[in-house]
Amino acid sequence: MPYTAQKPEPPESPDELRARIPGWGVDADPADRPSVPKERFDLPPTGAHWEFPERQEELAPRERSIEHAMLTPVFGTAQPLSGLSGLIRRRAYDRYSEGQLAHWLLLVLGDRVDAVENHLASFATLRPDNPITETGVLSEPGHRPISSRFGRKRADLKHMWMDPFLVAGPWIAGGIAVAVVASKVLKRSRG
């Protein structure tokens, strides 16, 4: 049982595991384990007033891994799933194990879709996203942009050339799309 203080009993004995898995238990002797001076099971009580943590109330369905029988006792509720990104993330948790690549690719896709949803939603507010100030492009010239990049073994030098395309590209493409749609609407309204 997870989330309890007791060390769980293994489903198989060490002899059964050794017979079934070649090489299993090579570090069973404490003299062969580097973690032995730090690994202790005779620790004093933690002072916790519970044997199993009190469960947080689940007011709305939460995503949970299919590997776990229950939701963790405490979980975050600050960003509930919503929109298309929420559907994608729910699909990742409902359908795929955490050990499958599809699970993680769907979560990454859900994150990207969430970013687009929030960029689009920002246009409906009085303070829409401003890619020029939010990316730090304006602060770059005042902080040694050339000398800080070369001769410093910076990891971002390899992808530095494509950063303007990745950051500004979607905004420029969106602006062009809006301009094309606006021009077509204006032509139809005039003609």
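Here the structure is a predicted model, which means the values were calculated and not measured.

A. Up close: the overall build of the chain. Across its full length, the chain carries 5 helices and 0 strands. N-terminal to C-terminal, the α/β element order of the chain is α-α-α-α-α. Radius of gyration (C-alpha) of the chain: 27 Å, far over the 16 Å computed for a compact globule of 191 residues. Taking the principal axes of the C-alpha coordinates as reference, the chain spans close to 85 × 50 × 40 Å. Of all 191 residues assigned to the chain, the portion counted as buried reaches 12%. Pairs at least 24 apart in sequence give 39% of the contacts found in the chain among residues at least 6 apart.

B. Looking closely at the UniProt feature "transmembrane region" (unreviewed entry) in the chain. Mapped onto the present numbering, the UniProt feature "transmembrane region" (unreviewed entry) falls at residues 165-186. Split by type, residues 165-186 is 100% helix and 0% strand. Its first and last C-alpha atoms lie 30 Å apart.

C. Structural detail: the packing of helix α2 (residues 83-95) against helix α3 (residues 101-122). Following both chains from N to C, one finds α2 and α3 inclined at 170°, their axes separated by 8 Å at the closest point. With respect to their mutual orientation, α2 and α3 come out roughly antiparallel. Packed against α2, whose contacting residues are G83, L84, S85, I88, R89, R91, A92 and Y93, the element α3 presents H103, L106, L107, L109, G110, D111, V113, D114 and E117 at the interface.

D. A nonpolar patch on the surface, seen in detail. On the surface, V116, L120 and F123 cluster together to form a nonpolar patch covering roughly 310 Å² of accessible area. For V116, the position within the fold is in helix α3.

E. Structural detail: the side chain of S85. Among the structural elements, S85 can be located in helix α2. Given a relative accessible area of 1%, S85 falls into the buried group. At a separation of 3.2 Å, a polar atom in the side chain of S85 contacts the main-chain carbonyl oxygen of S82. Leaving out residues up to four positions away in the same chain, S85 has contacts with G110, V113, D114 and E117.

F. Spotlight on the environment of Q100. By the element assignment, Q100 lies in the loop between α2 and α3. Here the alpha-carbon distance between Q100 and H68, two residues 32 residues apart in the chain, equals 15 Å.

G. Fine view of the nonpolar core. Counting residues in hydrophobic clusters, the biggest one holds 5 residues: I88, A92, L106, L107 and V113. Looking at this core, the elements that each hand over two or more residues are α2 and α3. Broken down by element, the residue count for this core peaks at 3 residues, all from α3. Once residues within four sequence positions are removed from consideration, I88 is found in contact with L106, L109, G110 and V113.

H. Broad picture of helix α5 (residues 163-190). An ideal rise of 1.5 Å per residue puts 40 Å on 28 residues; α5 measures up with 40 Å between its terminal C-alpha atoms. Of all the bends in α5, the greatest, near 40°, is centred on G169, and the proline P170 appears no more than four residues after it.

Here is what the cut-offs are and how they apply
Residues numbered from 1 in each chain as written. Predicted model: local features only at pLDDT ≥ 70, side-chain atom pairs only at ≥ 80, totals over all residues. Heavy atoms only, no water. Helix = DSSP H or I, 4+ residues; strand = E, 2+ residues; numbered from the N terminus. Rg over C-alpha atoms; globule rule 2.2 N^0.38 Å. Buried < 20%, exposed > 50% of the residue type's maximum accessible area, 1.4 Å probe, protein only. Contact = heavy atoms within 4.5 Å. UniProt positions renumbered as here; feature names shortened; annotations may be inferred. Axes fitted to C-alpha atoms, helices over the stretch in contact; angles between N-to-C directions. Parallel < 35°, antiparallel > 145°, perpendicular 65-115°, else oblique. Patch = residues over 30% accessible without salt bridge, like charges linked within 9 Å, V, L, I, M, F, W, Y side chains within 5 Å. Areas by Shrake-Rupley, 256 points an atom, 1.4 Å probe, with all protein chains shown as cover. Salt bridge = Lys/Arg side-chain N within 4 Å of Asp/Glu carboxyl O. Polar contact = N/O pair within 3.5 Å; in protein donor to acceptor, adjacent residues only side chain to side chain. Core = buried A, V, L, I, M, F, W, Y, C linked by side-chain atoms within 4.5 Å. Expected span 1.5 Å × (residues − 1). Bend = angle between axes of the 7 residues up to and from the residue.

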